[in-house]
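# A closer look at the structure
Spelled out, the chains give:
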Amino acid sequence: MSRFFATGSDSESEESSSADEITPKATGTTFTKQVLLLSDDEEDTKRVVRSAKDKRFEELTNLIKTIRNAMKIRDMSKCLEEFEQLCRAFVKSKNIVDKEGVPKFYIRLLADLEDYLNQLWEDKEGKKKMNKNNAKALSTLRQKIRKYNRDYETEIANYKENPDQSAEEEEEKDEAESGSSSESDDEGAEEATAKSFLKKEPVPDASKFLKGAVDDESDSDDDEDDEDWGSDAVDSSSESIEGDGTSLAKAFLKKQEDGDRQPERKKEKRKPKQRLERTEEEEAEDLQDEEQGWEKVKGGVPLVKEKPKMFAKGTEINTAVVVKKLNEILQARGKKGTDRAAQIELLHALAAIAAENNLGEGILVKIKFNIIASLYDYNPNLAAFMKADMWKKCLDCIDELLDILFNNNNNIFIGENIAEDSENLAVSDQPFRVRGCILTLVERMDEEFTKIMQNTDPHSQEYVDNLKDEARVCAIIDRLLGYLEAKGSTEEVCRVYLRRIMHTYYKFDYKAHRRSLGLQGGESKSEQDQEESEGEDSAVIMDRLCKFIYAKDRTDRIRTCAILCHIYHHALHSRWYQARDLMLMSHLQDNIQHADPPVQILYNRTMVQLGICAFRQGMIKDAHNALLDIQSSGRAKELLGQGLLMRNMQERNAEQEKIEKRRQVPFHMHINLELLECVYLVSAMLLEIPYMAAHEFDARRRMISKQFHHQLRVGERQPLLGPPESMREHVVAASKAMKMGDWRTCHGFIINEKMNSKVWDLFPEAQRVREMLVRKIQEESLRTYLFTYSSVYDSISMEILSEMFELELPTVHSIISKMIINEELMASLDQPTQTVVMHRTEPTPLQNMALQLAEKLGGLVENNERVFDLKQGVYGGYFNRDQKGGYQQKQGYQRDQKGGYQQKQNYQRGGGYQRGGGYNNQNQSNY
């Protein structure tokens, strides 16, 4: 018999007591040459039958080990993939987990993984350096682990409270199991079970590079020594066995190795306690160092980054060398992997070298141009805004550049039309010629300032701090304005004028307002002189800048923006007639719908400010007409560029939303939407309530303001009417009081402490606006009273009406005369007795019903005639008397082709002051 079979039979006889081991059968049919080439060690390897628990737990621990390795190298994609496999493997182990409980090593991984992901998530710089796949996997895995850990909250909490105790319990359990397995060889000698992975693998952290690293190294050295001794013992035992000539299988039995491994496990068990002692000693040393003024630094050799040498030693620094180096730096601009911050530092260093070697102002200007351009390119994303430090550097660089240009005004020529070949940067008798446009840099700076304000929380102190930089931005624009007035072209001057206008038009000039009211009478002479020396009024500045653009500009956009800003400024300072005339003469409302969205937003803001100005002046109808388009759309916030409304993704995708956010107006330029709505509703109330009273029984009556009627219906639907709280409820309550002719109650609802604080105190001349409102409420309440109760009186004294509504007798006489002339009131004035005599021409209820029936029949016949004309193709017929509306009414409302009612236009000067156009419902798709 071959010795291969002999060794196999010996091992079988020696291990026959084992019931769980199965020896491989050596059949003659499978015995080939490859079997003869096997060594004795491979032949004696035994196959072990393990329990289902061991198999499942081994699968879990292998996956956990892979996850921990991926965590060490920050491979989030691998972590996500292995975690999904781990979850599936855990589901397969459900039966075992139900019997044994959730294993501690599984809970430990869930807790460690969640902490690790949170740590990565908070590391903003680290996230930026991740590639796209890893960043996406990090976000996905973080969501999954948070959702998954909800089922194990109690176990994770218990582990986090005492992680060392749970680790020791697991190790003790391992020792007990390993001790029992060492008594019998059933478990196999070289089998890797789940228990070998129970030891917690630490997440890579910066702490391992600190002071304690030395102690860990000593521990690792001890462990290595132990392993070396263990391996020597095995080697010596194997040599002795071979010398004796006994079976090789005995060398691999577990009994002999267990004696060496048990001390190793005891040492491992002592390690956590030693580490705890070390951390306490380190804390004590840290406290002692802090008391002595020492600062703890990270271990290891400090990495000192040497600045790259700009020029080789001994190189002669001249203009050509500096320009060559500048081009080398600029060639890396925009390439992948280029450190933008380092590029800016290199340009600063190059500028310092050029200044140190007195290479002239030309090369300095060229380097400054490139530094500012590099600062703008620091954020490649258009939506991103500049950080605070970069913004300060940008302002400083532009100031330095302007200083150089002003100090060498006649010796430096800059412009985009100068070719790079024709640049003159060297010091010579000829003036410097540099390619570049300072206006473009300042315009970009202004846009960056707007982006900074858009992306800052408007209710924070940071917004106020950033807003303080506007004074510096305006100062830079003013300096550039002075420079371009002397050396720039007309087009460039118009562009910089518009930038100055855009920073002025929305600001209320309080000093000019006080001077116009004559409030500085009590001030001292020095204060008055100081105010006069501070500068001219904003109205004078706006007038000068805008008129230059009107005369010199060749582009429609700059002129349109200048006109709108000029109108806005006039309206803001209550110059109603100048603002109205400029709007009518410009004819902007005819073609504003073809303008780009930012100009349409500016047009809407101007119209709103015009309406508020008309309201302050008591022009109620004009105010209502100006505000009607914006308020009736229900999208005032969006049309004014002050925020986005919630919409479905079908109407606006993510890209469109980003574009619209970039069009938003900064918070300090916003118009108060509550004030705007209140002005509109009060104007609608003063127009609508008398009209409703006059046409109570008119079937053809149409509403003036749909929004106002909607608020009335909402108020009527309320089951329980309490005291009004919101601004809308105050207006609705005031409308009901005015409808009854009770002007005092109406006045109490419109003007009170709550409404003053919310609306009326926000006006510059709040008291004058309140007095105007009281007067309008009295007049319109008188008209409403006469419309409502004229059928009750045969005659009424004007003196009584004057006392009831606290109006002067001439005012009452004037109001009643207008109503009689306009045929709104069927009455006559008896001059000697100062009474109003009613004519009693109101129809009876039966006549009213007959009139309503006739109106409905007329409408039915008209609709029938239109349908017939459409079928026959003939337009006209009986109803051809008026193509634009058929039946006209005398109250200023005419019927249009669609059957509705619209208000006649108030101004008809060359196209007029119309409701059409603008950034509104006619052209919503443009925005």
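Here the structure is a predicted model, which means the values were calculated and not measured. The numbering scheme is per chain: residues are counted from 1 as the chain's sequence reads. Given that this is a predicted model, residues contribute local features only at a pLDDT of at least 70 and side-chain atom pairs are listed and counted only at 80 or more, while totals for whole chains, interfaces and linings are drawn from all residues. Side-chain numbers come from the whole structure's heavy atoms, not from hydrogens or water.

Along the backbone of the protein chain there are 40 helices and nine strands. Under the scheme applied here, a residue whose accessible area is under 20% of the maximum for its type counts as buried, over 50% as exposed, and between as partly exposed, the area being computed with a 1.4 Å probe on protein chains only. Looking at the protein chain residue by residue over its 927 residues, the buried ones come to 40%. Of all intrachain contacts in the protein chain linking residues separated by at least 6 positions in sequence, the fraction that spans at least 24 positions is 67%. With the model as given, the accessible surface of the protein chain reaches about 53,400 Å², and the carbon-plus-sulfur share is 51%. Where helices and strands are cited, they refer to DSSP runs of H or I of at least four residues and of E of at least two residues respectively, numbered from the N terminus. Should any heavy atoms of two residues lie within 4.5 Å, those residues are counted as being in contact. Values of accessible area rely on a 1.4 Å probe in the Shrake-Rupley scheme; residue burial ignores everything except the protein chains shown.

Now for the packing of helix H34 (residues 727-739) against helix H35 (residues 743-750). To get an axis, a line is fitted to the C-alpha atoms, and for a helix only the part in contact is used. The angle between two axes follows their N-to-C directions and goes from 0 to 180 degrees. Remark: H34 packs on H35, axes separated minimally by 8 Å, with the N-to-C direction vectors making an angle of 170°. Considered as vectors, H34 and H35 are oriented roughly antiparallel to each other. Facing His730, Val731, Ala733, Ala734, Ala737 and Met738 of H34, the residues of H35 in contact are Thr745, Cys746, Phe749 and Ile750. In the scheme used here, Gly and all other residues not listed as nonpolar or charged are polar, with Ala, Val, Leu, Ile, Met, Phe, Trp, Tyr, Cys and Pro taken as nonpolar and Asp, Glu, Lys and Arg as charged. Of the residues that constitute the contact of H34 with H35, the class distribution is eight nonpolar, two polar and no charged. Under this scheme an angle from 65 to 115 degrees is roughly perpendicular, one under 35 degrees roughly parallel, and one over 145 degrees roughly antiparallel; angles in between are oblique.

In this section: the confidence of the model for the protein chain. Summarising the model, the protein chain shows a mean pLDDT of 75, and 70% of its residues fall at 70 or more. The low-confidence segment residues 1-43 (pLDDT under 50) makes 29 contacts with residues lying over four places distant or belonging to another chain. pLDDT expresses, on a scale from 0 to 100, how confident the predictor is about each individual residue. Confidence drops under pLDDT 50 across residues 299-306; counting only partners more than four residues distant or on other chains, this segment forms two contacts.

Further remarks concern the packing of helix H16 (residues 361-376) against helix H17 (residues 388-407). The interhelical angle for the contact between H16 and H17, taken along N-to-C directions, is 155°, at an axis separation of 10 Å. One finds that H16 runs roughly antiparallel with respect to H17. The two elements H16 and H17 meet at a crossing, and its hand is left-handed. Two secondary-structure elements touch here, H16 through Glu361, Leu364, Val365, Lys368, Phe369, Ile371, Ile372, Leu375 and Tyr376 and H17 through Met390, Lys393, Cys394, Cys397, Ile398, Glu400, Leu401, Ile404 and Leu405. If you view the pair so one helix is near and one far, a crossing is left-handed when the near helix is turned anticlockwise from the far one by less than a right angle, and right-handed when it is turned clockwise.

Next up on the list: the nonpolar core. Among the nonpolar cores identified, the biggest contains 159 residues, and Phe615, Val682, Met685, Ile750 and Trp760 are the most heavily contacted of them. Top contributing element to this core by residue count: helix H32 (residues 673-694), with 15 residues. With sequence-adjacent residues up to four places away left out, tryptophan 760 is seen in contact with Phe615, Cys678, Val682, Ile750, Ile751, Met755, Ala766, Val769, Arg770 and Leu773. Throughout this description, the term nonpolar core refers to a set of buried Ala, Val, Leu, Ile, Met, Phe, Trp, Tyr and Cys residues connected via side-chain atoms within 4.5 Å. Core analysis: the second largest hydrophobic core is formed by 36 residues, Ala70, Ala89, Tyr116 and Tyr152 among them.

Moving on, we come to the packing of aromatic side chains. Centre distance within 6.5 Å is the pairing criterion for rings of Phe, Tyr and Trp, where only the six-membered ring of Trp is used; planes under 30 degrees apart are then read as stacked, over 60 as edge-to-face, and the remainder as tilted. Evaluated as defined, the whole model comprises 18 aromatic pairs. Look at tyrosine 505 and tyrosine 568: their rings are 5.0 Å apart centre to centre, the planes differ by 80°, and that puts the pair in the edge-to-face class. Taken together, the positions of tyrosine 505 in the loop between helix H21 (490-502) and helix H22 (510-517) and tyrosine 568 in helix H25 (residues 556-572) put the pair 63 residues apart, joining distant regions of the chain. Just as tyrosine 505 is buried, tyrosine 568 falls in that class too. The criterion is that NZ of a Lys, or CZ of an Arg, lies within 6 Å of the ring centre and within 35 degrees of the ring normal, and then a charge sits over that ring. If you follow lysine 127 out to its NZ or CZ, it ends over the ring of tryptophan 121, 3.7 Å from the centre. Its end group placed over the ring of phenylalanine 385, lysine 387 keeps NZ or CZ at 5.2 Å from the ring centre.

A few words now on the side chain of glutamine 711. Along the chain, glutamine 711 falls in helix H33 (residues 706-717). Leaving out residues up to four positions away in the same chain, glutamine 711 has contacts with Leu681, Arg728 and Val732.

Turning next to the side chain of serine 374. Topologically, serine 374 is positioned in helix H16. Taking relative accessible area as the criterion, serine 374 reaches 4% and is therefore assigned buried. Sequence-distant contacts of serine 374, defined by excluding residues within four places in its chain, comprise Ile344 and Leu347.

Turning our eyes to something else, we now look at the pattern of salt bridges. Salt bridge, as used here, is a side-chain nitrogen of Lys or Arg placed within 4 Å of a carboxyl oxygen of Asp or Glu. What the rule picks out here adds up to 41 salt bridges. A salt bridge links lysine 468 to aspartate 465; the nearest nitrogen and oxygen atoms lie 3.9 Å apart. Judged by relative accessible area, which is 37%, aspartate 465 ranks as partly exposed. Ionic pairing is found between arginine 580 and aspartate 581, a salt bridge with its closest N-O pair at 3.2 Å. Take arginine 580: its relative accessible area is 17%, and that puts it in the buried class.

This next bit is on the sheet that holds strand E6 (residues 827-830). For two strands to be treated as a pair, DSSP must find no fewer than two bridges joining them. Here three strands make up an open sheet; going across it, the order is E5-E7-E6 and the pairing antiparallel. Looking at which strands have only one partner, the edges of the open sheet turn out to be strand E5 (795-797) and E6. Each adjacent strand pair in this sheet contributes to an overall mean axis angle of 20°, direction not counted. Bridge count between E5 and strand E7 (residues 835-838): three bridges; the pairing is antiparallel. When the bridges of E7 are listed, serine 795 appears paired with valine 837. Lying on the sheet, helix H38 (residues 798-805) is in contact with E5, E6 and E7; it crosses E5 at an angle near 60°.

Turning our eyes to something else, we now look at the pairing of E6. Pairing geometry for E6 and E7, over four bridges, is antiparallel. The residue bridging alanine 827 from the neighbouring strand is methionine 838, located in E7. The hairpin turn running from E6 into E7, its antiparallel successor, is four residues long, and glutamine 834 in that turn takes a positive phi close to 55°.

With respect to the element layout, methionine 453 can be found in helix H18 (residues 438-454). Considered as a pair, methionine 453 and phenylalanine 667 are 214 residues apart in the sequence and their alpha carbons are 7.6 Å apart. Those residues in contact with methionine 453 that sit more than four places away from it in its chain are Tyr463, Asn466, Leu467, Pro666 and His668.

What follows covers the environment of isoleucine 145. Mapping isoleucine 145 onto the fold places it in helix H9 (residues 132-148). By relative accessible area, isoleucine 145 is classed as buried at 1%. For the pair isoleucine 145 and leucine 80, spaced 65 residues apart in sequence, the C-alpha separation works out to 9.7 Å.

Turning our eyes to something else, we now look at a nonpolar patch on the surface. The grouping of Leu853, Leu857 and Leu860 at the surface amounts to a nonpolar patch, some 310 Å² of accessible area in total. Relative to the helices and strands, leucine 853 is located in helix H40 (residues 845-872). For patches, a residue must show more than 30% relative accessible area and have no salt bridge; joins then use 9 Å for like charges and 5 Å for nonpolar side chains, namely Val, Leu, Ile, Met, Phe, Trp and Tyr.

Here a helix's expected span is defined as the number of its residues, less one, multiplied by 1.5 Å. With 22 residues, H32 extends 32 Å between its outermost C-alpha atoms, agreeing within 8% with the 32 Å of an ideal straight helix rising 1.5 Å per residue. Throughout, the bend at a residue refers to the angle made by two axes, fitted to the seven residues ending there and to the seven starting there. A bend of about 25° at methionine 685 is the largest found in H32. In terms of burial, H32 is a largely internal element, 19 of the 22 residues being buried.

What follows covers the environment of tyrosine 793. Following the sequence through the fold, tyrosine 793 ends up in the loop between helix H37 (766-789) and E5. Residue classification places tyrosine 793 among the partly exposed positions, given a relative accessible area of 26%.

Let's shift gears to unusual backbone geometry. Phi is positive for asparagine 358, close to 55°, though the residue is something other than glycine. Residue asparagine 358 is classed as exposed on the basis of its relative accessible area of 65%. Notably, serine 574 is not glycine yet its phi reads approximately 65°, a positive angle. Tracing the chain through its elements places serine 574 in the loop between H25 and helix H26 (576-586).

For this text, the term disulfide refers to a pair of cysteine sulfurs within 2.5 Å. Within this structure, the stated rule accounts for zero disulfides. Cysteine 394 takes part in no disulfide bond, and the closest cysteine sulfur, belonging to cysteine 397, lies 7.1 Å away.

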